[in-house]
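Structure assessment
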Amino acid sequence: IETGAWRGGATIFMRALLKIQGVTDRVVWVADSFEGLPKPENSEDGWDLSHVDYLKASLDQVKANFSRFGLLDNQVRFLPGWFKDTLPAAPITKLAVLRLDGDLYSSTMDVLKTLYSKVSPGGYIIVDDYFSWPACKRAVDEFLGENHIQVKIEQVDAGGGAFWQKH
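So, a few notes on the structure that sits alongside this text. (Residues numbered from 1 in each chain as written. Predicted model: local features only at pLDDT ≥ 70, side-chain atom pairs only at ≥ 80, totals over all residues. Heavy atoms only, no water.)

This brings us to the packing of helix H4 (residues 105-115) against helix H5 (residues 134-146). Closest axis-to-axis distance for the H4/H5 pair is 8 Å, and the angle between their directions is 30°. By the angle class used here, H4 and H5 are roughly parallel. Our pair here, H4 against H5, has a crossing hand that is right-handed. Touching Tyr-105, Thr-108, Met-109, Leu-112 and Lys-113 of H4 are Ala-135, Cys-136, Arg-138, Ala-139, Val-140, Glu-142 and Phe-143, all from H5. Per-class residue counts for the contact of H4 with H5 are eight nonpolar, one polar and three charged. (Axes fitted to C-alpha atoms, helices over the stretch in contact; angles between N-to-C directions. Helix = DSSP H or I, 4+ residues; strand = E, 2+ residues; numbered from the N terminus. Parallel < 35°, antiparallel > 145°, perpendicular 65-115°, else oblique. Left-handed = near helix turned anticlockwise from the far one by under 90°. Contact = heavy atoms within 4.5 Å. Nonpolar A, V, L, I, M, F, W, Y, C, P; charged D, E, K, R; others polar.)

Here it is in structure tokens:
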């Protein structure tokens, strides 16, 4: 799953990898508001980018992007709406990869509280904004601390991404 898919690039890559490997028993989940970023809920959330049109991609646009590569099929499922509303009821039981790109403290925390327990041991958690958005980093660090989870967080690249493997 990717939570905060924007135009769908990472999830398109996920689906392409499954197709190339001939994997037919896994689903790629695409969770996004498809309306851009939410307004910050509180001062912990960080910057307000809810008005930035560039960060908005509609569900139809994302589906068209999947179609452009011949990857819009029954192994792709969409969860449109705010994470706090869609993720708790999502029919997801097990995850191999959890990719977070929700930017805000509250969005990041909503994802971790709802989906972290569903990541299988040996699975990966990727946080797009860990080293670049202080509010995102704070949410991850607080979640890990509150749940007594010790992991080695690795930097992905100079862009601010991070990952770790769940034990």
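Spatial strand order, E3-E2-E1-E4-E5-E7-E6: seven strands in an open sheet with mixed pairing. A strand with exactly one partner marks an edge of an open sheet, and here the two such strands are strand E3 (76-80) and strand E6 (154-155). Relative to strand E4 (residues 95-100), strand E1 (residues 2-3) runs parallel, the two being bridged by two bridges. The residue bridging Thr-3 from the neighbouring strand is Leu-100, located in E4. Each of strand E2 (28-32) and E3 is contacted by helix H2 (residues 59-68), which is oriented at about 165° to E3, the strand it contacts most. (Pairing = 2+ DSSP bridges.)

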